[in-house]
Protein chains: 2
Amino acid sequence: MNKNNLVMSKDRRSFLRKTLGVSVAAAAVYFASGAMNVVKAASKKKVVSHVVNPGELDKYYGFWSSGQSGEVRVLAVPSMRELKLIPCFNYDCTNGWGITNYSKQILKGYTVGDTHHLHLSYNNGTYDGKFGFINDKSTGRVARVRLDVMETDAITKVPYAQGTHGLFTSRHKLDAVFCNSEFAIPLPNDGRDIENPDKYVALHTCIDAKTMKVRWQVMIDGNLDLCATDYQGKYSMGTCYNSEEGVLLEDMMSADRDHLTVFNLEKIEEAVNQGKGIKFKESDAPIIDGRGKNPYVLYIPVPKNPHGVNISPDGKYAICSGKLSPTASVISIEKIADAFAGKIAPKDCILAEPELGLGPLHTAFDGRGNCYTTLFLDSMVCMWNIDKAIKGDKDYLIQKLDVHYQPGHINASMSETKDADGNYVVSLNKFSKDRFLPVGPSYPDNDQLIGISEGRMKLLHDGPVAPEPHDALIVNRSLIKTVKIWNINDRKFAYERKLVQDLGLEFGANKIVRKDDKVFAIMSSIAPNYGLKVIDVNLGDEVTIVQTNLDKVEDLTHGFCLSEHNLNFGVSPGETASVTFRATRRGVFWYYCTWFCHALHLEMRGRLLVH
Amino acid sequence: MNKNNLVMSKDRRSFLRKTLGVSVAAAAVYFASGAMNVVKAASKKKVVSHVVNPGELDKYYGFWSSGQSGEVRVLAVPSMRELKLIPCFNYDCTNGWGITNYSKQILKGYTVGDTHHLHLSYNNGTYDGKFGFINDKSTGRVARVRLDVMETDAITKVPYAQGTHGLFTSRHKLDAVFCNSEFAIPLPNDGRDIENPDKYVALHTCIDAKTMKVRWQVMIDGNLDLCATDYQGKYSMGTCYNSEEGVLLEDMMSADRDHLTVFNLEKIEEAVNQGKGIKFKESDAPIIDGRGKNPYVLYIPVPKNPHGVNISPDGKYAICSGKLSPTASVISIEKIADAFAGKIAPKDCILAEPELGLGPLHTAFDGRGNCYTTLFLDSMVCMWNIDKAIKGDKDYLIQKLDVHYQPGHINASMSETKDADGNYVVSLNKFSKDRFLPVGPSYPDNDQLIGISEGRMKLLHDGPVAPEPHDALIVNRSLIKTVKIWNINDRKFAYERKLVQDLGLEFGANKIVRKDDKVFAIMSSIAPNYGLKVIDVNLGDEVTIVQTNLDKVEDLTHGFCLSEHNLNFGVSPGETASVTFRATRRGVFWYYCTWFCHALHLEMRGRLLVH
């Protein structure tokens, strides 16, 4: 099946005629051959639709990476309505992210992020509802999001790495987060070897999911793109599109095969425990050398400039997409142990390389043995059957569906868990072109929702979205447990708690304390009043406002915006937040509530008087 | 009708029973009494729905203020899908707003905004499709958005003003933008009169819509909240909820009536032309004194702590909502001239004060003589008939509809124009509570879409939305003409054009020029390549990247993200953008394309080498 042909050598139209012909036949066979659970499930539903009527709740949460806006988006699926933006690597003046003392401690001065892959923490192959983890490609970082409050609580800089892109979590338990650096650079990147790309190196990094500290890193040959983990906790892996280690585009695409790079976690941990690995001053975590022949890293040759790697819900297969080859590679997870042991060649882990179409990128699963692979160049999603592809049955292709246009990532409901349920697929399309009202030269992307519960793909909804959501998860709502009101003792408020206790006060004390040129205003908000209506300071004072929302009614958020001071933040019920700034101008500056909290919300304000 | 009662003295349940009883009868009368155009229009439609199927386009643009996120949102109506976020007062790392040289020149260091009211430019009572204008309450500014490219192109700081809140444009032609300062402060606010609130003053400001320069300001008694203009260009106006000029909440609500404050534009312009008014050093625009008895400002007494003021599409009436009174005031625009002339008392401009329900805030219009007023405390929208209210008919109330929950602004399709078409209403509800999947202590708001084309209100859709969209417009799509690709000579690129010309180069020249310690990299992007693959600089150099997207395919945007440098921006087809930064660390730093532009997008990158 795999011809290793260049994309341009394919005749798309004849290819389509052929596969579409196959697809109808394949579907008939599929239905006739015992997929009764699908038919039964479908017969229960009257309409497969994205519509959720007023007052009804969606069945799924969607967790979206936002791309260049550096945040996490929470959607409701199937309605595709956006419920929340969780600030992460970005600066967000709505919530004061990058403004409050808490967020500044996490961000450390950075305000740009480029998020691609959000994955949740797991227990025994399915989501445990505790955390989300997401990459920042722009500055090589990994962030953690608490799912109980849906807020970012930690960001870790990945040392010695640039272009941190692929990311995945341990699937057997809350353990580690693995991430891939896409760009090779000198190690360390301190001015050495600038002109010598042969010395550049890319890294695979393991971060402890609980402490968010880097455990270890591995140097590899080539580079790393997407990331995946198995279901047993034995392997992490990454695609490599630049086995050539070129620094120019033409070099990066010269080889017919690149790699699926697999990391043997047991061997690596063993080496780390034995004190192996090198260290530089930026990090205490050892760097293991996985280049060349070594016991830590396996390089499985796959065609050509591969992009996505996804693990089937039964844990048996890694599906690796060719990008510049019209094929996907089906790799046996079981055989990887033999390849590490030298019993078989790395290439012998490949069970099949079915031809799917032009520009295959990513694959989702329905839990019924079928794959849904995006075809970037064809602007299609290809539905195909893994077992048939392995057996070499010519009817492995089930259906191709036009999407609009140029799809990148794809995911299905619970796809990346053992509980993949085969209800919905979302195709994240990079171009929307004519699908929405025009909005000038910068277009929205188009996230299309596809129903698959009836055993065929049915396009349900076009969802315009701010560029560029690279990846998305669709998670059964029963797995996510949130709190409605902050516990006033939450660990988020540790800095403010110590500050207030050191002053001998409590949250919401409504006292102003001066220490030399530092002024601390410890205040409450209860609709429609701030506990302090006037704060007197002197020119040049450093002023800290600690604001506690003592309202206990759900959804009753207050804000604190200080006029002319580039300062705003929100405080939800039970929440405490603080800002510190210097009073640099004389005059009267009103602070006011920014969340419409009460009929007298507009009247909820007070004055900072700078004498 | 107006009892001037406090909210708390009302029995909500008995009030509701009474009005709901009235509402059914009123509707029957309404249909029987000649509203045939409505019935006819409704009979053409099979289903009033928010659903827009894949491949179909919405009928309306929605222009939303975003509240605390400081931007403008563009939606599609009736699907309520968000098409675009237009960065404005905020910092947005997606598009490089706050990062590019162009946006930095506009933002002048501020990164926080609090937008409330977006209004478009008009010609002859309807939208001309040229500009949007929006306030920032946090720093007293007004921004202009170009509608052809849907980007912010100017921000004006309003001098001597704090809490710039209400804003409206001239409705007769592209002329002026009027805005209200909500907070009274010393004039000027340089340290004088801090402890003397009696000397504080609030201002009404007129900004030239073409030059974005302040023309004049007017000092008023009390404060100013929402803003409106008539259809003839004679008056601007604002509600005043603090006629008491209190600085504490209890003072602000002590009077039973506050004001609708009306500005006589002819008289003010006359005074300005005569050189009247005072000036301080911050601004050349004169400040006219409109306090006390004067020819410029009319104070119409309306009950109690009013909030919204909206002008009916026929231009006849200003509807002013009581907030702490269960009434709206219907004010004759025609009679205002007589009041200014002293022929009648200001209060005689009031034609009716119909009782609507608890916490009336804002009013929308259907062009058929009906109003839709939000009732914040009742969590309802009240549909009522203006003519009947004026005549004193007891069946002026047509329908009340529950909304979820606590609605603020409301608008209807083309409501604020002479072409109000009575198809859709959107109620912007401040609380969503149980309407969506829970997302932690910070909830989305709920923008509810209501169909009104059948002559009754029908709830169609719950739209979760990031807090807190204060206001929204629904604009017929035929009025908005956008460009798909930038003209390479657009005025947006003036700074970069001069820079490149001064170097003797053209956009996309792909040359690096050094001048002392300044390095200019003038480069192109054409998928999947940057025109420059390596940029060599020395530690300490000031580096300017000028990036021109030479792709001419619509929607083919590129990005430029420089690893580890907190820098990202996008360039749409035909666009040029630039950034300037200092090279402060030695090493190799990959820059890469952030918009998935091509199958080889990931390979589209280059290196900054800092020696």
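As the structure is a prediction and not an experimental result, all values here were calculated from the model. (Residues numbered from 1 in each chain as written. Chains lettered and ligands numbered in written order. Predicted model: local features only at pLDDT ≥ 70, side-chain atom pairs only at ≥ 80, totals over all residues. Heavy atoms only, no water.)

Quick word on the sheet that holds strand β7 (residues 151–157) of chain A
Residue and element names in this part refer to chain A.
- Within the open sheet, the four strands sit side by side as β4-β5-β6-β7. Their pairing is antiparallel. On the outer flanks of this sheet lie β4 (118–123) and β7, each paired with one strand and no other. Between one strand axis and the next, the sheet turns through 30° on average, direction left out of account.
- As defined by bridge partners, strand β5 (residues 126–136) adjoins strand β6 (residues 141–146) across six bridges and the pair is classed as antiparallel. Residue pairing for β6: Asn135 is matched across the bridge by Val142. (Pairing = 2+ DSSP bridges. Helix = DSSP H or I, 4+ residues; strand = E, 2+ residues; numbered from the N terminus. Axes fitted to C-alpha atoms, helices over the stretch in contact; angles between N-to-C directions.)

Overview of the interface of chain B and chain A
- Contact residues are listed per partner, giving 140 residues for chain B and 140 residues for chain A.
- Counting the surface lost from both chain B and chain A, the interface buries some 11,300 Å², and carbon and sulfur atoms represent 60% of this.
- When the buried area of chain B at its contact with chain A is split by residue, Leu437(B), Pro441(B) and Phe596(B) rank highest and sum to 7% of it.
- Remark: the boundary between chain B and chain A carries four salt bridges.
- Between Glu564(A) and Lys157(B) there is a salt bridge; the shortest N-O distance is 3.3 Å.
- Here chain B and chain A share 58 residue pairs in polar contact (both at pLDDT 80 or more) between them.
- Residue contributions to the side of chain B that touches chain A peak at six residues, all from strand β28 (residues 458–465) of chain B. (Contact = heavy atoms within 4.5 Å. Buried area = accessible area lost by both parts, 1.4 Å probe. Salt bridge = Lys/Arg side-chain N within 4 Å of Asp/Glu carboxyl O. Polar contact = N/O pair within 3.5 Å; in protein donor to acceptor, adjacent residues only side chain to side chain.)

Points about the pattern of salt bridges
- Enumeration over the complete set of coordinates arrives at 61 salt bridges over all chains.
- The partner of Asp175(A) in a salt bridge is Arg215(A), with the nearest N and O atoms 2.6 Å apart. Residue Asp175(A) is located in the loop between β8 (162–169) and β9 (176–183), and its partner Arg215(A) is located in strand β11 (residues 214–220); the two are separated by 40 residues in the primary sequence.
- Of the residues examined, Arg215(A) reaches a relative accessible area of 23% and is grouped as partly exposed.
- Asp148(B) serves as the salt-bridge partner of Arg146(B), at 3.0 Å between the closest nitrogen and oxygen.
- Take Asp148(B): its relative accessible area is 26%, and that puts it in the partly exposed class.
- Bridged by salt links that share partners, the residues Asp175(A), Asp208(A), Arg215(A) and Glu269(A) form one connected network. (Buried < 20%, exposed > 50% of the residue type's maximum accessible area, 1.4 Å probe, protein only.)

Things to note about the relation of the copies chain B and chain A
- In the superposition of chain B on chain A (RMSD 0.0 Å, axial shift 0.0 Å), the rotation amounts to 180°. The superposition operator between the copies reduces to a two-fold rotation axis. Judged by C-alpha distance, Tyr91(B) is the residue of chain B that lies nearest the rotation axis, at 3.3 Å.
- Looking at chain B, 100% of its interface residues are interface residues in chain A too, so the copies touch through the same face. (Least-squares fit on C-alpha atoms with pLDDT ≥ 70 in both.)

Some remarks on the packing of aromatic side chains
- All chains considered together, the criterion is met by 35 aromatic pairs over all chains.
- Positioned over the ring face of Trp590(B) is Arg605(B), at 4.5 Å from the centre of the ring. (Phe/Tyr/Trp six-rings, centres within 6.5 Å; stacked < 30°, edge-to-face > 60°. Lys NZ or Arg CZ within 6 Å of the ring centre and 35° of its normal.)

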